Amino acid sequence: MCHIPRGRARRQLLVDKLGPSYLKMLASRALVQGLQTGFWRRVSTSSAAWAAHTHDIDVVDCSVPQYNNRLDTPLPDVPFVRNLSAEQKKLKEKEKGSWTQLTKEEKLALYRLTHELSFAEMRQGSKEWMTVLGGIFFFLGFTGLLVWWQRVYVYGDVPPTLSEESIAQQTQRMIDMRVNPVHGFSHKWDYEKKQWK
């Protein structure tokens, strides 16, 4: 009967026989296969995905009537207050009678039962533009400081190739080399008169 070593001796025998690179390849293949079959399937199932997104989401059902404060729809589908208190129910009963008997405060309370905001309140502007403008100026100022810092501490001096005399030398060299003689740079130079066309 053949003796098969176990544990560390078996691993050493495999390393000696097959070589370390072959074992690394087998180990990586086993890892990839394990990830594909076991772990990935558990993560990608719908129950795991549902468990990861269990926070409450407020979903609006657009098939049922809704209340909206909008200027283009002045009469909402449902009243603003749906669950009336005892006092509000009395006021609704009084509404069915003559409106001349209602006081100004009662008429306003009846209006607030059906509408949250009046037209004037909906048209009233907000101060949000100030916040937006302040944010824009803040980021512009920060960008200006960043550009100034880069100009002072990051960028060096202007390279000498951008000086006037260096540009003139480069231009003369390009003319002497006859760069792009058909439609390009040298095409615009008159070589007989030694001037630009």
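Residues numbered from 1 in each chain as written. Predicted model: local features only at pLDDT ≥ 70, side-chain atom pairs only at ≥ 80, totals over all residues. Heavy atoms only, no water.

Looking at an unreviewed UniProt entry, one finds the protein chain named Cytochrome c oxidase subunit 4 and attributed to Onychostoma macrolepis. The heading Function (unreviewed entry) in the UniProt record of the protein chain holds the text "Component of the cytochrome c oxidase, the last enzyme in the mitochondrial electron transport chain which drives oxidative phosphorylation." One UniProt comment on the protein chain, placed under Subcellular location (unreviewed entry), says "Mitochondrion inner membrane". (UniProt positions renumbered as here; feature names shortened; annotations may be inferred.)

Undergrad: Account for the confidence of the model for the protein chain, naming residues and giving values.
TA: When pLDDT is averaged along the protein chain, the result is 82; 73% of the residues meet or exceed 70. Least confident of the elements in the protein chain is helix H3 (residues 46-52), whose mean pLDDT is 56; most confident is helix H7 (residues 128-154), at 96. (pLDDT = per-residue confidence, 0-100. Helix = DSSP H or I, 4+ residues; strand = E, 2+ residues; numbered from the N terminus.)

Undergrad: I'd like a rundown of the packing of aromatic side chains, residues and numbers included.
TA: Under the criterion given, the structure shown has 6 aromatic pairs. Ring plane angle 55 degrees and centroid distance 5.3 Å describe the contact between Tyr67 and Phe80, whose orientation is recorded as tilted. Here Tyr67 is found in the loop between H3 and helix H4 (86-95), whereas its partner Phe80 is found in the loop between H3 and H4, with 13 residues between them in sequence. Residue classification places Tyr67 among the buried positions, given a relative accessible area of 18%. Cluster of aromatic residues (ring-pair linked, three or more members): Trp148, Trp149 and Tyr153. The lysine or arginine in question, Arg178, covers the ring of Tyr191, its NZ or CZ lying 3.9 Å from the ring centre. (Phe/Tyr/Trp six-rings, centres within 6.5 Å; stacked < 30°, edge-to-face > 60°. Buried < 20%, exposed > 50% of the residue type's maximum accessible area, 1.4 Å probe, protein only. Lys NZ or Arg CZ within 6 Å of the ring centre and 35° of its normal.)

Undergrad: Let's hear about the side chain of Ser166: which residues, and what values?
TA: Looking at where Ser166 falls in the secondary structure, it is placed in helix H8 (residues 164-176). Of note is the side chain of Ser166, whose polar atom sits 3.4 Å from the backbone oxygen of Thr161. With residues near it in sequence (within four places) discarded, Ser166 still touches Pro160 and Thr161. (Polar contact = N/O pair within 3.5 Å; in protein donor to acceptor, adjacent residues only side chain to side chain. Contact = heavy atoms within 4.5 Å.)

Undergrad: I'd love a proper account of the packing of H4 against helix H5 (residues 104-114), names of residues and values included.
TA: When two helices pack together, their arrangement is given by the angle between their axes and by how far apart the axes lie. Where H4 meets H5, the closest approach of the two axes is 11 Å, and the angle between their N-to-C directions is 110 degrees. Here H5 runs roughly perpendicular to H4, going by the angle between their axes. Between H4 and H5, the residues in contact are Gln88, Leu91, Lys92, Lys94 and Glu95 and Glu106, Ala109, Leu110 and Leu113, respectively. Tallied by class, the residues present in the contact of H4 with H5 amount to 4 nonpolar, 1 polar and 4 charged. (Axes fitted to C-alpha atoms, helices over the stretch in contact; angles between N-to-C directions. Parallel < 35°, antiparallel > 145°, perpendicular 65-115°, else oblique. Nonpolar A, V, L, I, M, F, W, Y, C, P; charged D, E, K, R; others polar.)

Undergrad: So what's going on with H8? Which residues, and what values?
TA: A rise of 1.5 Å per residue sets the reference length of H8, with its 13 residues, at 18 Å; its end C-alpha atoms lie 18 Å apart and thus fit the reference within 8%. Phi for Arg178, located one or two positions after H8, is positive at around 55 degrees. (Expected span 1.5 Å × (residues − 1).)

Undergrad: Account for the environment of Pro74, naming residues and giving values.
TA: With respect to the helices, strands and loops of the structure, Pro74 is situated in the loop between H3 and H4. With 45 residues separating them along the chain, Pro74 and Phe119 place their C-alpha atoms 8.3 Å apart. When sequence neighbours within four positions are dropped, the list of residues in contact with Pro74 reads His115 and Phe119.

Undergrad: Give me the UniProt feature "transmembrane region" (unreviewed entry) in the protein chain: which residues, what numbers.
TA: Using the residue numbers shown here, the UniProt feature "transmembrane region" (unreviewed entry) corresponds to residues 129-149. In residues 129-149, helix accounts for 100% and strand for 0%; the two terminal C-alpha atoms are 30 Å from one another.

Undergrad: For a nonpolar patch on the surface, give the residues involved together with the corresponding values.
TA: Together, Phe138, Phe139, Phe142, Leu145, Leu146, Trp148, Trp149, Val152, Tyr153, Val154 and Tyr155 line one region of the surface with nonpolar side chains, adding up to about 1300 Å² of accessible area. Looking at where Trp149 falls in the secondary structure, it is placed in helix H7. What makes Trp149 partly exposed here is its relative accessible area of 42%. (Patch = residues over 30% accessible without salt bridge, like charges linked within 9 Å, V, L, I, M, F, W, Y side chains within 5 Å. Areas by Shrake-Rupley, 256 points an atom, 1.4 Å probe, with all protein chains shown as cover. Salt bridge = Lys/Arg side-chain N within 4 Å of Asp/Glu carboxyl O.)

Undergrad: Can you lay out the pattern of salt bridges for me, pointing to particular residues and giving the numbers?
TA: By the definition in use, this model includes 5 salt bridges. The shortest N-O distance in the salt bridge between Glu95 and Lys92 comes to 3.3 Å. Residue Glu95 and its partner Lys92 are both found in helix H4; the two are separated by 3 residues, about one turn of the helix. On the basis of relative accessible area, Lys92 is assigned to the partly exposed category, the value being 27%. A salt bridge links Glu106 to Lys94; its shortest N-O distance comes to 2.9 Å. Of the two residues, Glu106 sits in helix H5 while Lys94 sits in helix H4, which places them 12 residues apart along the sequence. Overall, the relative accessible area of 36% leaves Lys94 in the partly exposed class.

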